Amino acid sequence: MPEEVITTIKREFENNERSHMSIIEISHRSKKFQHIITSAEQKLRQLMQIPDDYAVVFLQGGGSMQFEMMPLNLATKQRNIAVLDSGNFSKKAEEAARQVGKNTAILDSTKDQHYQKLPVVPSNFNASVFDYLHIVTNSTIEGAAFHQNNLPQTTGRLIADMSSNILAEPYNISDFDAVFAGGQKNLGPAGVTVAIIKKDWLADQDLTGVGPMMRYQNHIDKQSMYNTSPVFSIYALDLVLAWVLDQGGVTEMYRRNLEKSGKLYAYLDQSNFYTAPVEKSARSITNIVFTTGDIQRDKVIAQQAEAAGLFNLAGHRSVGGFRASLYNAQPTDAVDALIAFLQKVEQNA
Ligand SMILES: *Cc1c(COP(=O)(O)O)cnc(C)c1O
């Protein structure tokens, strides 16, 4: 979260002389919240240039609930969901879709290459026998990303999980039929999830057996207030979106993220001590994965980093090594400090 936003939250949290109610006490039916949620949607539409024929909804349940909601609302019983397996979160989505009774087909997987490359759509792919193709734009754990210039091509519907790089780099929403993102990586605090869905796709679905809370249309019809909304998370999201706009929008976030990740990759690539194993064209600009090649040594260095004030540098428990998460709110100074630390470790090794 941007420091300015935390400061605003702190200031406004108790500053409630008139209503005597903090943001965490107001009703989701209040005028004040109505204003906040309208503002958040409008700002997100502006930042991502979301066309009018797409619905925007704020939900709970995280990215993981979208792994079930998307198939329940958008996949038929007869056809398959196509999946490109580019890491842990695409595999999880594929498993969840099967568990809610849908058929899936993994078109390609780079698991055997430790997800250091991107999977590709096979040349004989026939989109018409699939409901949609599911991709994860940025593999948060493994560090490979489909950027706008290397998106998989399909003539059918495309769904993207953008949980870890929404607003970090530009995407053309019209290239997708649905997009979702849990809030806690690049948008704000945990507790709110954004879903952006082409309206015409929702219109002709058979939702027999799908409960009311799992139906997008119910949430859309009630402007994301079908049941009690996560008021605080949406309030904080609105502040973060205002901050992004104020900084210069996605264009400026992208410029900063290229600068931050570029500095770190440049250092890692010239180093004889560390390696960044993800193929260059597929490298994430938000999650930079690297290692010294010795998982035990990496662990010790990550602990030393904490002592030096650099937190959360250990890679995900499933892969080890290091992962520097350079989300929008992470300043360039932090990357400079990280590189200085890594250099010192390298010199002393
Ligand atoms: C974190 C993450 C998820 C899971 O999000 P939850 O909100 O914890 O359910 C899904 N997909 C991606 C790409 C993620 O980074």
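A brief structural summary. Not measured: the values here are computed from a predicted model.

1. As for the overall build of the protein
Scanning the protein from N- to C-terminus turns up ten helices and nine strands. In terms of overall dimensions, the protein is globule-like: its C-alpha atoms have a radius of gyration of 21 Å, near the 20 Å expected for 349 residues. Judged by the C-alpha coordinates and their principal axes, the protein covers about 65 × 60 × 30 Å. Burial statistics for the protein: of 349 residues in total, 53% are counted as buried. Restricting to contacts in the protein with at least 6 residues of sequence separation, those with at least 24 account for 69%. Total accessible area on the protein is roughly 16200 Å²; 49% of this is exposed by carbon and sulfur atoms. Put simply, the protein has 33 plus and 37 minus side-chain charges, and the middle of one group is 3 Å from the middle of the other.

2. Digging into the sheet that holds strand β7 (residues 193-198)
Spatial strand order, β1-β7-β6-β5-β4-β2-β3: seven strands in an open sheet with mixed pairing. Both edges of this open sheet fall to β1 (54-59) and β3 (103-109), since each of them pairs with a single strand only. The sheet shows a mean angle of 20° between the axes of neighbouring strands, direction not considered. In this structure, β1 lies alongside β7, joined through six bridges in antiparallel fashion. Each residue of the ladder has a partner; that of Leu59, found in β7, is Thr193. Sheet contacts for helix α2 (residues 31-48): β1 and β7; angle to β1, the most-contacted strand, approximately 130°. Most of the contacts of helix α3 (residues 62-74) go to strand β6 (residues 178-182), to which it runs at about 155°, and overall it touches β1, β2 (80-85), β4 (130-136), β5 (158-161), β6 and β7.

What counts as what
- Residues numbered from 1 in each chain as written.
- Predicted model: local features only at pLDDT ≥ 70, side-chain atom pairs only at ≥ 80, totals over all residues.
- Heavy atoms only, no water.
- Helix = DSSP H or I, 4+ residues; strand = E, 2+ residues; numbered from the N terminus.
- Rg over C-alpha atoms; globule rule 2.2 N^0.38 Å.
- Buried < 20%, exposed > 50% of the residue type's maximum accessible area, 1.4 Å probe, protein only.
- Contact = heavy atoms within 4.5 Å.
- Areas by Shrake-Rupley, 256 points an atom, 1.4 Å probe, with all protein chains shown as cover.
- Lys, Arg positive; Asp, Glu negative; His and termini not counted.
- Charge placed at Lys NZ, Arg CZ, Asp CG, Glu CD.
- Pairing = 2+ DSSP bridges.
- Axes fitted to C-alpha atoms, helices over the stretch in contact; angles between N-to-C directions.

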